[in-house]
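# Reading the structure
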There are 2 protein chains.
Amino acid sequence: MHPVPEAAISATADEIREAALEQFARDGYSSTSMRDIASSVGIKAASLYNHFGSKEAILWDLTLTAFEELLRCRDLAIANLPDNPTPQDRLACLVTSHVAFHARNSNQALLVNSQLAALSKTHYRKAVAMRAQYEATMREVIDEGITKGVFTTIDARVTTFAILQMGMAVSGWFRPEGPLTVSDLCAIYVDLAAKMLTPLPLKRKE
Amino acid sequence: MHPVPEAAISATADEIREAALEQFARDGYSSTSMRDIASSVGIKAASLYNHFGSKEAILWDLTLTAFEELLRCRDLAIANLPDNPTPQDRLACLVTSHVAFHARNSNQALLVNSQLAALSKTHYRKAVAMRAQYEATMREVIDEGITKGVFTTIDARVTTFAILQMGMAVSGWFRPEGPLTVSDLCAIYVDLAAKMLTPLPLKRKE
DNA sequence: GTCTATATATCGATAGAC
DNA sequence: GTCTATCGATATATAGAC
């Protein structure tokens, strides 16, 4: 059909990355063999070592990229906030970028959320630190809202986990071809998160 | 210290179950070898086959038990509801049993929530059906509340996922020796779930 | 019901021809 | 940068002695 650029015929590092990401996310790191990855890019396992030093090196490469893109999406969303944003603005911004990333980049999200244990000890520690940094942003916004009296919660730490994790789970079930657009999805989660932190009393008895 | 019953000295099927559950939950099914399981109960890998026909048979045994206990906890909680419970009563009941199970039985929860893909195709289908049945209970309560006008949500399906999944995540971080009791934890999640479904308008403008 | 020994397959990774 | 061939380790599972 289409003429294919000469450079696209041979297996490149990027093709390997793409194949490995999909298989690591779907089947798990330890269930995916170098032969599996190689065959899905049309080469033999030994040839993978011309591009990556080891299987773990592929996982680490993918993990770093995934975290970088996750943090970049968050930073981009923050940069688009209005001047003097309210805590509600900040919460909606973070939840939207969080959910949108997990919906649009489900393989990267699954990698970051469930395959870190396969990393070497050194890489694992770095990954956990990046995840902690990401999660801290959400916690800070929630704490700010509590301080300013616009958010209320029994436990800020647990509520932060709950908001982050309900968004993370999106990568496991959301399909773009389903009934919801990513924009619909984000609006739903922003609404849920806002209600979870609402200061309005639910019971008016007594 | 204590005299040990004669029967408790040799490796039994239950000891194997306990060791396998912990390792499958912590390291994943495919990262756990029969040698790993055998050595942690003090026998050789070949001896495991006197108790289970295969590695997958161990996983299936554990998965079935975990689902049975999850459903039993739910049924027990439902049986203790007052007469003519409100949708709020039912929601609190389900969220409490859900969160308590995931906090108290974290290894079983991790197995059921992230190791199903390692099952044989037949067993996988049965497991997914049991999970769907469990999740449907939560959905029905939410739908009932919406019908009766005491719950409001943009999307009942997504809200059901969100409530279930924020509770499932508890198995990944909750530690009994931490600052929260299971009872504390359940109260927090009941509060969050109730707020997520609150019909009170958050914005009073216009 | 445990063990040793082994069958058979596959794993990550390397060496060296082309 | 690909390949074939192979190494050494390890995987699940089985056979048979005790």
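Residues numbered from 1 in each chain as written. Chains lettered and ligands numbered in written order. Predicted model: local features only at pLDDT ≥ 70, side-chain atom pairs only at ≥ 80, totals over all residues. Heavy atoms only, no water.

## Digging into the protein's contact with DNA strand D
Every one of the 16 residues lining DNA strand D counts as a neighbour, but A:K44, A:N50, A:H51, B:R35 and B:K55 are closest to it. Sugar and phosphate atoms represent 60% of those atoms of DNA strand D found within 4 Å of the protein. B:Y49 is positioned with one of its side-chain polar atoms (N or O) 3.1 Å from a phosphate oxygen of DNA strand D. For the surface near DNA strand D, the secondary structure elements donating two or more residues are α3 (45-48) of chain A together with α2 (34-40) of chain B. (Near = heavy atom within 4 Å. Polar contact = N/O pair within 3.5 Å; in protein donor to acceptor, adjacent residues only side chain to side chain. Helix = DSSP H or I, 4+ residues; strand = E, 2+ residues; numbered from the N terminus.)

## Some words on the interface of chain A and chain B
At the junction of the two partners, chain A supplies 29 residues and chain B supplies 29 residues. A buried area of about 2,700 Å², summed over both sides, lies between chain A and chain B, and 71% of it is on carbon and sulfur atoms. Where chain A touches chain B, the interface holds zero salt bridges. Between the two partners, chain A and chain B, sit three residue pairs in polar contact (both at pLDDT 80 or more). At the level of secondary structure, the elements contributing two or more residues to the side of chain A that touches chain B comprise α8 (156-168) and α10 (182-196) of chain A. Ranked by the residues each element gives to the side of chain A that touches chain B, the list is headed by α10(A), at nine residues. Taken together, the residues that form the side of chain A that touches chain B break down as 19 nonpolar, six polar and four charged. (Contact = heavy atoms within 4.5 Å. Buried area = accessible area lost by both parts, 1.4 Å probe. Salt bridge = Lys/Arg side-chain N within 4 Å of Asp/Glu carboxyl O. Nonpolar A, V, L, I, M, F, W, Y, C, P; charged D, E, K, R; others polar.)

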